[in-house]
Amino acid sequence: MALDTIPKQEGGKLKAVASGTLPSGQPVVVNADGTVSVVGGSTISSNLGSATAFETTIAGFLGASYDSNSNKVVFAYKDEGNSAYGTAVVGTISGTSISFGTPVVYSSVNSDFHTCAFDSSNNKVVVGYNDNVNNLGKAIVGTVSGTSISFGSAVSFPASNVCNYISSVFDSSSNKVVFAYRDAGASQRGKAAVATVSGTSLSFGSAGTFLNTTGNGPENMCMAFDSVNNKVVLAFQDRNDSNKAKGIVGTVSGTDISFGSISEIPSSSADIAEDGMGGIAYDASSEKIVVVYRASSVSNYGRVSVGTVSGTSISFAAAATFAAFATGTGAQTPKIVYNPTAKKVVVVVEGTSQNNLYEGVVSGDTVTFSSPLAYATSSPRALSNPVYASTPDKVVIGYQADNNNGTSAVYQTAYTSTTLTSENYIGMSSGFVEDSSVSESVGTSVVFETGGIADEASSAFDSNSNKTVIAYVDIGNGSEGTAVVGTVSGNAISFGSEVSFSGSGVSTRYIGATFDSSNNKIVIAYQDASNSQYGTAVVGTVSGTTISFGTPVVFESANCQFVSATFDSNSNKVVVAYADQFNVSGAGTAIVGTVSGTSISFGTPVVFENANTDEISIGFDSSANKVVVAYQDAGNSNHGTAAVGTVSGTSISFGTPVVFQAADTRHTSTTFDSKNNKIVIAYENDGSSEHGTAVVGTVSGTSISFGTPVVFAASVVSLIDATFDSNANKVVVQYRDETNSNYGTIVSGSVSDTTITFDTPLVFNANTSSNSNTNSFDSNANKVVIAYNDGGNSNKGTSAVYQTGYTDITRGQVASGGAATVDIVGTVSTNQIGLTAGQQYFVQTDGTVGTTPADPSVLAGTAISATKLVVKT
């Protein structure tokens, strides 16, 4: 249905045809054909194609560009196998493969410093180079046709002699090609000239000077075009000023170019993009200039600096390392390109033993890079600048391989696509919402350890094998650290055989278990009571209904108590928190662990509370990417306190601790509510008759703030453990109710903003005592697995499956091709779920709404209740 045939709006609603299934209450976008659909997208994985040779001999001084008219890649180079002639070749991309036509000579003399730019206003490739026979800088126009390229006549740079370190860029505002070079005929000054293409010819305006010092002059020039400020940005190495890396802004006017003041990139003695190509890119998403270079003053590491253009000036942020190698080796000739679809920069680096590729995301003045990907091994050389090919949406890399062949490879950058733009959102889909209640229940108890378990136990869910692992102290077997694997089926659980993780005859206490989802391993941290009570950790691998362990590793050669562990999914590290009894009689300490295979290594311990610290629990906030430790601060009247930790590499740093309960606080347990992006701490409040209490925390930067504490059990409680049920979107707290005969009890709560509301507690074990409580959420079965010491049954290790009570919401939907109704701007969409009144919501790229803007930033509306949203755009 075309837009002009959509019936008129009725009561603030728009009628249209659905393209694809249209669920109720979700953001709707209008398509080019006038149909409507929900926001969607897909994840594109990174992929590197096979290397393909385009030249069977040495291809030196490589330049490259993408011809968006013919959808071809052009390489320009010095063909050492053909008298060092200037040569070009055309490449055709198919998927992640590339094929080449026959090379074409454009300079029948020995030529160096080849550079390419594509003039999109004339659909021509413009090649610059130095003619070594006539000692002149020259440029020539090429026309791509099919898999070949033809050239016009070469034109010399204005008033030039030998021109080295040539670089070029296309200024799409003036539709000119700009060349920068070091002019030996002008005492090695840095020069730039503007070229105008006409047919297969070009002409130059007068050369402008960007570096007016004589002598060694500038080297390794590279250029980018800032399309927001319509400026040419040039980076270079100033040989006359201790090899410092510098940048300058150029403004094209007619056939001339003028420059602002030179700005130094904050890193001394740096080599910028050797061979005069690459090294700089304009990130259109962040509107920043990104420069990469080799820092000879920092062990030749690859460095990056972000620049901001303002008027005719540019300022650079402090440089950071993105490629670190052993001292004595280094990143050679790093080159960079911007991928506008992925909104990432892609950096290629020539190393001493292999070439690596990095993806980077610019945020403010920093760039966060991915782990390196090797795209060539041995000793490849002479990188070209990588180019972005827009039609196949690929990055193309050119280099001289270790066999000296001119070689290329195609790379697919990883990103998540979306159908959402800044203009196509029109409102929320109408329809209906059906509610059905899922009742709270506990399945039949199952004994997993007949010999009895001690109070210390911990459990974690392995999402790779879809199994729950319970780690505990086996009091019937010399207090050995033991683990067992549980499989949930419906409301029942079954177990495999118990396995010792500490080793035969090794007694343990204070157990903390977590799952490393990066390596698909269970990590158990504990106190090794048989080894001077040292803090120890071990890596477990689940297979079927059993688990095997690597060799235990000591992380703290001291008496460690109240051990707790979590997994930081941002850094892919395990973080262990504990009380170091050899340091201030129990200083709160944390340490970062890195899993490799079946082992784990640790960084240096870091103190987060320099006082006696007890009742420690730790969790990870995946929204803020921070670790949160909750504990009893014995150095501050036993107050309940929390600290926010940031993992960096193998270390962790903490912000200032914050008190969440100004009273004696015991049995803390920390969990993260991923629906509301809140930390929830459950604890025994000894300042209020030992009542079970919980508080909601919001992480901001390196600190955390708390709402008002809420009582979940107005009785004496102990042995508290909390987890988050992401299916029911509720926090589940398990505890011993000492007022009610020490019965094992469980309660679920719903977070809203900075508070939490609890349902009625449910007794799951009406025996004399329920100790050693631990629980974890099985995201495969959507059930909580509870485990405990059954004091009414000889302290046997016992488990049961808990079904959290919640309301299951089913949305009505319109089938593809059906008549859809959309609540448009100014209308109240009444079929929403879980909103907070007064809060703005933004359209997310996965078709949901959230409180933070996505990219692009599109306002969905403002909530006036949990189920109502005033639609805005």
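What this report covers is the structure whose coordinates are included nearby. (Residues numbered from 1 in each chain as written. Predicted model: local features only at pLDDT ≥ 70, side-chain atom pairs only at ≥ 80, totals over all residues. Heavy atoms only, no water.)

## What to know about the overall build of the chain
Next up, step 1: The number of helices and strands found in the chain is zero helices and 82 strands.
Next up, step 2: Once the C-alpha set of the chain is aligned to its principal axes, its extents read approximately 100 × 75 × 45 Å.
Next up, step 3: Across the 873 residues of the chain, 56% fall into the buried class.
Next up, step 4: For the chain, the share of sequence-separated contacts (at least 6 apart) that also reach a separation of at least 24 residues comes to 53%.
Next up, step 5: Accessible surface computed for the chain: about 30500 Å², of which carbon and sulfur atoms make up 43%. (Helix = DSSP H or I, 4+ residues; strand = E, 2+ residues; numbered from the N terminus. Buried < 20%, exposed > 50% of the residue type's maximum accessible area, 1.4 Å probe, protein only. Contact = heavy atoms within 4.5 Å. Areas by Shrake-Rupley, 256 points an atom, 1.4 Å probe, with all protein chains shown as cover.)

## Remarks on the packing of aromatic side chains
Next up, step 1: On inspection of all chains with the given rule, the structure shows 32 aromatic pairs.
Next up, step 2: Measuring from ring centre to ring centre gives 5.3 Å for Phe448 and Phe495, while their planes differ by 45 degrees; the resulting arrangement is tilted. With Phe448 in strand E45 (residues 446-449) and Phe495 in strand E49 (residues 492-495), the pair connects residues that are 47 residues apart, well separated along the chain.
Next up, step 3: A residue is classified by how much of its surface remains accessible, and Phe448, at 6% relative accessible area, is buried.
Next up, step 4: On the basis of an interplanar angle of 55 degrees and a centroid distance of 5.0 Å, the ring pair of Phe764 and Tyr788 is categorised as tilted. With Phe764 in strand E71 (residues 762-765) and Tyr788 in strand E73 (residues 783-790), the pair connects residues that are 24 residues apart, well separated along the chain.
Next up, step 5: Assessed through its relative accessible area of 9%, Phe764 is described here as buried.
Next up, step 6: Each member of the aromatic cluster is reached from another via a ring pair, and the members are Phe54, Phe75, Tyr77 and Phe100. (Phe/Tyr/Trp six-rings, centres within 6.5 Å; stacked < 30°, edge-to-face > 60°.)

## Details of the side chain of Gln561
Next up, step 1: By the secondary structure assignment, Gln561 is in strand E55 (residues 553-568).
Next up, step 2: The residues touching Gln561, leaving out its near neighbours within four places in the chain, are Tyr510, Gln527, Tyr578, Ala579 and Gln581.

## Describing the environment of Ser258
Next up, step 1: Mapped onto the secondary structure, Ser258 falls in strand E25 (residues 256-259).
Next up, step 2: Distance from Ser258 to Thr209, taken between C-alpha atoms, is 7.8 Å for residues 49 residues apart in sequence.
Next up, step 3: Not counting residues within four places of it along the chain, the set of residues in contact with Ser258 comprises Val249, Gly250 and Thr251.

## Some words on the sheet that holds strand E82 (residues 869-871)
Next up, step 1: The five strands lie next to each other as E78-E82-E81-E79-E80, forming an open sheet whose pairing is antiparallel. Each edge of the open sheet is held by one strand with a lone partner, namely strand E78 (828-829) and strand E80 (849-850).
Next up, step 2: Pairing geometry for strand E79 (residues 840-843) and E80, over two bridges, is antiparallel. Bridging across to E80, Phe842 finds its partner in Gly850. (Pairing = 2+ DSSP bridges.)

## Side note on the sheet that holds strand E77 (residues 819-824)
Next up, step 1: Read across the sheet, five strands follow the order E1-E77-E42-E3-E4 without closing on themselves; strand pairing throughout is antiparallel. Only two strands of the sheet have a single partner each, and these edge strands are strand E1 (13-17) and strand E4 (36-38). In this sheet, adjacent strand axes meet at a mean angle of 45 degrees when their direction is disregarded.
Next up, step 2: Here strand E3 (residues 27-30) pairs with E4 via three bridges, running antiparallel. (Axes fitted to C-alpha atoms, helices over the stretch in contact; angles between N-to-C directions.)

## Remarks on the environment of Ser370
Next up, step 1: For Ser370, the location among the structural elements is in the loop between strand E36 (366-369) and strand E37 (373-377).
Next up, step 2: For Ser370, a relative accessible area of 32% translates into the label partly exposed.
Next up, step 3: Between the C-alpha atoms of Ser370 and Glu359, which are eleven residues apart in sequence, the distance is 5.3 Å.
Next up, step 4: Discounting chain neighbours no more than four positions away, the residues touching Ser370 are Tyr358 and Glu359.

## Looking at unusual backbone geometry
Next up, step 1: Omega for the bond connecting Asp855 with Pro856 falls within 30 degrees of zero, at 10 degrees, which places this linkage in the cis form.
Next up, step 2: Inspection of the secondary structure assignment puts Pro856 in the loop between E80 and strand E81 (859-863).
Next up, step 3: Backbone geometry at Phe61 places phi at a positive 50 degrees, although glycine is not the residue there.
Next up, step 4: Summarising the element assignment, Phe61 is placed in strand E8 (residues 59-67).
Next up, step 5: The phi dihedral of Asn742 falls on the positive side, at around 65 degrees, and the residue is not glycine.
Next up, step 6: If you trace the backbone, Asn742 turns up in the loop between strand E68 (730-737) and strand E69 (743-752).
Next up, step 7: Its relative accessible area of 24% is what places Asn742 among the partly exposed residues.

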